[in-house]
Amino acid sequence: MSEIKQYVIFSLDEEMYGIEILKIKEVVSYQKITPIPNTKGFVRGIINLRGVIVPVFDLREKFNLPQTTYNRFYIIIVMEISGRVMGVIVDEISDVMELFPEEVQDASNLPPGIRAEYIKAIGKKEDGLTILLDVDRLMSLEELEILDGT
Amino acid sequence: MSEQDETLQIFFSETDELLKLAEESLLALESTPKSTSDIEQLFRSVHTVKSSAAMVGFICISDYAHLLETLLERIRSGKLAVTKNLITLLLGSIDFIRSMADRVSQGEAEADPEVLGEKKDQVKRYLGVEAISTAEEEPHPPVTEAPRGAAQFSFYKIDLKFRRDLFYSGQDPLLLLLGLSELGEFVQVAADLSELPDFEDFSMYDLYVSWHIIIKTNRSYEELEDVFMFVKDDNEISIEDITKRYREGVDTELAGRKLGEVLLEKGRITQEVLTDALEKQKMLGAILVEDGKIQSEELDQAVALQEESRAVYRKTTIRVDVEKINSLVNLGEEMGIGISKVHTLLEKYTGHGQTELMEEMQNLLKVNREFQERVTRVRMFPLEGTFRRFQRIARDLAFQQNKQINIISTGLDTELDKEVIEHITDPLKHLVRNCVDHGIETPEERQAKGKPPAGIIEFKAYQRGGKIFVEIRDDGRGIDLASVQRRGLEEGWIKPDQVLSKEALLAFIFKSGFSTRSRVTELSGRGVGMDVVKTQLDQIGGIIKIHTEKDRGASFTLCLPLRYSLMEVLRVMMQGISYLVPLQAIVGTEKFDKGLVKSFGAQEKMYPFRDDYLPLVDITKILDTGMPAANGHVAALVFLDTGARAFGIPVDEVLEPQQIIVKTLETNYRSVKGIAGATILGDGSVSLVLDLLGLEEMFFENSFKGVQLDEGEEKANP
């Protein structure tokens, strides 16, 4: 990581997370999601994004955060990961943050008990701490398959 | 994609296109051998393939194309006549180039050197060996009268017309011919029998026959003349040096001459036969006019249109990535949904500027309707190209089997969704092969049955009532129902004393493992095929119908949806979620009456439908959405027949049937068992389409496996 990178910062149950801005296609407000049968909680269902069927994932479920009833004030971040378009539901988007290389700390030194597999790095800015997500990993097909046990 | 890859990609798609064009012109050339525009196009296509292959470094392709180009140059300059055999060779060459390109695209070597050599030799045979060395000096090599060395051969044309009373002078033409044959190699000997009188006038002491000979020799004119030393004075003997014409060992003059004249000269037919045949021969158009099928003005118009379209057809296509078009179609649909939403809102609006807004809205709706129509058409392609390929297949096959066929294609401009075309190409190909292989008889067989020696294969396409029909018909022997029945008995599909209707018998043709023909040909007749045809059609929601009459032929009619993913469905509500059930599987719907349910064991339920009891399948249990069950209330039953099983599903509400476009979940997610795909409803919401075969499997085969345990989620926590 030798250059400045931009991250979109969003909150999930009061916690701040970041996703690299280049992965993000667009941001839409929460809309009615059609559930897909026989899929585990992480896969929330599908939405219509201008004629394209897009699966939507529930990060609260993934990170074992308390469930909530989603309404139109929630946000769906739509990403394109290895050619596939998919969305994640988040509470709200707060900021776009620029992080210098020295402000990014790799994820090797994390306290035990934290699930590190989806964390790419930690962003440190001023006094805040942001978890930078490894979305490629999080949304990989293999990950989805493990999840479904297929 | 690297730049290199991209260049290759362009090469492959371009070559593919060019070879198609070349093939197209070859087929056109076959019916009109002298069409310069087709020769030009053929030449250009091969030339471009050659250069672009050289550019990306495929030397074998470029070498071979170069050789082909040399041959084509000869056709172009009129030195070589277009014959059926030549066309077959050229079609084969196009295939060979295509196969080389295919091999390269799969990372293999372009061609087996041995095969390549063989293929090159085939072409060279047409060129004549000496032509190769002079190939580079084309197109207009100077024809020189340079003195020939002893080793160089000349060609002479010798016409012998002897006096009728030659025998009385003690001369024997046979001896003269034998003497001549010692001087060189006869390229052609033709006996002219046109002077032969009727039998009663025939005198065995007279000579009626004259000869036309072409000889290849290294002897001089004088030496040839010496053979006829004793007869040349009072007989008509002419010896002509025609070496110029015979540059490549092929009579190049034939190219510019009529077939009849050539045959006449070779003594294959007499002048009377030729005149007679010519009188019978008419243009197709003239025949139609004569038969009163069309007016001559109509004919002229059609010819003019045809010419116009030939010119335009080649100019106005561009290649676009299907993805781009698909996203346009998606956006178009979305825009439509948006506009109709605004329209609904506007109808309720009573505020300022309402009239003006409404007026604009009406305009927008109109534009939108047209836009939608056009956008859908973008994906549609005329069947012309597909039919032309079949024409080629049928032609090649008939040629191999020494059968004669005439192909009639109608409705070439009928348009079909590209994906539908892709899905029906293989089934149609199979049907075409069947027609030639099994349908059309040999010319002898046909004549014995009182039919014209050439069979007719007809391709027909038309649109009727939201469906596209594609028909393939032949006038051959028809499907032999008796042998179908025999096969049925052998396979145990029919009981010995069972009497089946024609339709029921024909249905066996689609069973896997069916074939009535004992002879196995390269392409069809191995008992695979018709079942594949059916499967492929099922996939796109198409139907096939057969009609056959003994010795009158058979026709296969495919009934296809306008668009690949267009499906007719019934919308139902189950526990607050709407699902779409494919209409073709629904046999009926009924109001749910709890009193009629018969229970088996703890879970299984049966319900009477028409004369049977059918199992009830609670889909919501199979399709676990993980959502708390909404207060659903079963009010109706939808009965389905998947072909293998019939069952009923309880639903809360039956809504309207609709036509939808199925979108796959796999594009951005993955396939889900029991779900065929999703669609976007008129209000912009997403609804899932049920996959009945999948559901059936899940219900009937997995029902004993019990509930799967939730696991995997907690694995990271110690």
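Residues numbered from 1 in each chain as written. Chains lettered and ligands numbered in written order. Predicted model: local features only at pLDDT ≥ 70, side-chain atom pairs only at ≥ 80, totals over all residues. Heavy atoms only, no water.

**Re the overall build of chain A**
Part 1: Looking only at helices and strands, chain A features three helices and 11 strands.
Part 2: Counting from the amino terminus, helix and strand elements in chain A follow one another as β-β-β-β-β-α-β-β-β-β-β-β-α-α.
Part 3: Going through the 150 residues of chain A one by one, you find that 52% of them count as buried.
Part 4: The contacts in chain A between residues at least 6 apart in sequence include a share of 55% that link residues at least 24 apart.
Part 5: A total accessible area of about 7,200 Å² is found for chain A, and carbon and sulfur atoms account for 49% of it. (Helix = DSSP H or I, 4+ residues; strand = E, 2+ residues; numbered from the N terminus. Buried < 20%, exposed > 50% of the residue type's maximum accessible area, 1.4 Å probe, protein only. Contact = heavy atoms within 4.5 Å. Areas by Shrake-Rupley, 256 points an atom, 1.4 Å probe, with all protein chains shown as cover.)

**So, the sheet that holds strand E9 (residues 104–106) of chain A**
All names here are of chain A.
Part 1: Across the sheet, which stays open at both edges, the six strands sit in the order E8-E1-E2-E11-E10-E9 with mixed pairing between neighbours. Taken across any chain shown, the strands that pair with only one partner, and hence form the sheet edges, are strand E8 (92–99) and E9. Within the sheet, the average angular offset between the axes of one strand and its neighbour, ignoring direction, is 35°.
Part 2: In the sheet, strand E10 (residues 119–125) pairs with strand E11 (residues 128–133) via six bridges, with the strands oriented antiparallel. Pairing of lysine 124 across the sheet is with leucine 129, part of E11. (Pairing = 2+ DSSP bridges. Axes fitted to C-alpha atoms, helices over the stretch in contact; angles between N-to-C directions.)

**Focus on the confidence of the model for chain B**
Low pLDDT means the predicted atomic positions in that stretch should not be read closely.
All names here are of chain B.
Part 1: Mean pLDDT for chain B: 77, with 79% of residues reaching 70 or above.
Part 2: Note on residues 129–151: pLDDT under 50 across the span, and 24 contacts to partners over four residues away in sequence or across chains.
Part 3: The model gives residues 703–718 a pLDDT under 50, and that stretch makes nine contacts with residues more than four places away or in other chains.
Part 4: Predicted as a complex, the structure gets a pTM of 0.51 and an ipTM equal to 0.82. (pLDDT = per-residue confidence, 0-100.)

**Comments concerning helix H13 (residues 322–348) of chain B**
Part 1: Helix length check: H13 of chain B (27 residues) gives 40 Å between terminal C-alpha atoms against 39 Å at 1.5 Å per residue, within 8%.
Part 2: When we look at burial in H13 of chain B, the residues that qualify are Ile325, Val329, Asn330, Gly332, Glu334, Gly336, Ile337, Ile339, His343 and Leu346 of chain B.
Part 3: In the core, the buried residues of H13 of chain B are packed alongside strand E4 (43–49) and strand E5 (52–58) of chain A together with helix H14 (354–378) and strand E21 (675–680) of chain B.
Part 4: Looking at where H13 of chain B begins, the residue whose side-chain oxygen comes 3.0 Å from the main-chain nitrogen of glutamate 323 of chain B is aspartate 321 of chain B. (Expected span 1.5 Å × (residues − 1). Polar contact = N/O pair within 3.5 Å; in protein donor to acceptor, adjacent residues only side chain to side chain.)

**Overview of the confidence of the model for chain A**
Part 1: Overall, the prediction assigns chain A a mean pLDDT of 84, with 89% of residues at 70 or greater.
Part 2: No element of chain A has a lower mean pLDDT than helix H3 (residues 141–148) of chain A, at 61, and none a higher one than strand E3 (residues 24–29) of chain A, at 93.

**Side note on the pattern of salt bridges**
All names here are of chain B.
Part 1: With the rule as written, the count across this model stands at 38 salt bridges over all chains.
Part 2: For glutamate 24, the salt bridge is made with arginine 388, and the minimal N-O distance between the two is 3.4 Å. Within this pair, whereas glutamate 24 is found in helix H1 (residues 3–31), its partner arginine 388 is found in helix H15 (residues 384–400), the two being separated by 364 residues in sequence.
Part 3: For glutamate 24, a relative accessible area of 13% translates into the label buried.
Part 4: Owing to a relative accessible area of 22%, arginine 388 belongs among the partly exposed residues under this scheme.
Part 5: Note that glutamate 656 and arginine 571 form a salt bridge whose closest N and O atoms lie 3.2 Å from each other. With glutamate 656 in strand E20 (residues 653–661) and arginine 571 in strand E12 (residues 566–574), the pair connects residues that are 85 residues apart, well separated along the chain.
Part 6: The exposure class of glutamate 656 is partly exposed, given its relative accessible area of 34%.
Part 7: What you see here is one network of salt bridges that share partners, running through Glu23, Glu30, Lys84, Asp95, Arg98, Arg392, Arg395 and Asp396. (Salt bridge = Lys/Arg side-chain N within 4 Å of Asp/Glu carboxyl O.)

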